[in-house]
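Per-entry structural report
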Amino acid sequence: ARPCGKCEPDVEVEEFGFYEHPEEETEPETHEEGSTATVEVNRYERSEAARQKCLEHYGAQCQVCGLRFEERYGEVGEGFIEVHHEVHLSETDGDVEVDPIENLKPVCPNCHAMLHRESPPLAVDELRERLRMES
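Residues numbered from 1 in each chain as written. Predicted model: local features only at pLDDT ≥ 70, side-chain atom pairs only at ≥ 80, totals over all residues. Heavy atoms only, no water.

Regarding the environment of Ile81
Positionally, Ile81 belongs in the loop between α2 (69-73) and β1 (82-85). Owing to a relative accessible area of 4%, Ile81 belongs among the buried residues under this scheme. Taking C-alpha positions, Ile81 is 7.3 Å from Cys62, a pair spaced 19 residues apart along the chain. Once residues within four sequence positions are removed from consideration, Ile81 is found in contact with Arg51, Leu55, Ala60, Gln61, Cys62, Phe69, Pro106, Val107 and Cys108. (Helix = DSSP H or I, 4+ residues; strand = E, 2+ residues; numbered from the N terminus. Buried < 20%, exposed > 50% of the residue type's maximum accessible area, 1.4 Å probe, protein only. Contact = heavy atoms within 4.5 Å.)

Quick look at the pattern of salt bridges
A pair can form between side chains of opposite charge whenever their charged atoms are brought close. All chains considered together, the criterion is met by 5 salt bridges. Across the salt bridge formed by Arg130 and Glu126, the nearest N and O atoms sit 3.3 Å from each other. With Arg130 and Glu126 both in helix α4 (residues 124-134) and 4 residues apart, this pair spans about one turn of that helix. According to the relative accessible area criterion, Arg130 is partly exposed, its value standing at 34%. (Salt bridge = Lys/Arg side-chain N within 4 Å of Asp/Glu carboxyl O.)

Observations regarding the layout of surface pockets
Rolled over the atoms, a probe with the dimensions of a water molecule shows which regions are left empty. In this structure, the largest pocket spans a volume of roughly 360 Å³. Among the elements of the structure, α1 (48-58) and β1 are those that each provide at least two residues to the lining of the largest pocket. When the residues that make up the lining of the largest pocket are grouped by side-chain class, the tally is 7 nonpolar, 4 polar and 6 charged. (1 Å grid on protein atoms, 1.4 Å probe; cavity = no way out; pocket = protein on both sides within 12 Å on 5 of 7 lines; lining within 4 Å. Points joined across faces, edges and corners; volume = space filled by probe spheres on them. Nonpolar A, V, L, I, M, F, W, Y, C, P; charged D, E, K, R; others polar.)

As for the side chain of Gln63
Within the secondary structure layout, Gln63 lies in the loop between α1 and α2. A distance of 3.1 Å separates a polar side-chain atom of Gln63 from the backbone oxygen of Gln61. Apart from the residues lying within four places of it in its own chain, the contact partners of Gln63 are Tyr58, Lys105, Pro106, Val107, Val124 and Arg128. (Polar contact = N/O pair within 3.5 Å; in protein donor to acceptor, adjacent residues only side chain to side chain.)

Regarding the packing of aromatic side chains
Under the criterion given, the structure shown has 2 aromatic pairs. Ring geometry for Phe69 versus Phe80: centroids 4.9 Å apart, planes at 85 degrees, classification edge-to-face. Within this pair, whereas Phe69 is found in helix α2, its partner Phe80 is found in the loop between α2 and β1, the two being separated by 11 residues in sequence. A relative accessible area of 11% places Phe69 in the buried class. (Phe/Tyr/Trp six-rings, centres within 6.5 Å; stacked < 30°, edge-to-face > 60°.)

Regarding unusual backbone geometry
That bond from Ser119 to Pro120 is cis: its omega, 0 degrees, falls within 30 degrees of zero. Tracing the backbone through its elements, the reader meets Pro120 in the loop between α3 (109-115) and α4.

What about α1?
By the burial criterion, the buried members of α1 are Ala50, Cys54, Leu55 and Tyr58. The buried side chains of α1 occupy one side of the element, clustering within an arc of 135 degrees when seen end-on. Along α1, exposed side chains directed more than 90 degrees from the buried face belong to Ala49 and Glu56. Measuring from the backbone nitrogen of Ala49 back to the side-chain oxygen at the start of α1 gives 3.4 Å, which picks out Ser47 as the cap. Remark: Gly59 follows α1 within two positions and exhibits a positive phi of approximately 80 degrees. (Arc of directions from axis to C-beta.)

Read these as spatial facts, not as claims about activity.
Structure follows, in structure tokens:
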């Protein structure tokens, strides 16, 4: 098919004489990434001793969903877990005493992210209950 010449087509005629459909992409869309930016943030110091006491008590098992990385991923997952502060450190006035059993809970990265989806963060028990209700 060729244009009649009376009107201007808004797309080019392809090699085989067919019109391209504007909604069809001929090349994948790309986006630029990788630029650097300098960011200044406050980092709250954490006690490695408190983390260890928490893990000695609870083990490296998510207290929300029950995931044990070692069981799921083998040796590479051994001991891998994050520790969530039930009282968010940014809500305190500097140095605070932390009870590693009451104030800290081991959680997997996905559950940890979900705890922090709300402000203030959800409690571990609250997210665990929400997860049970969804099951």
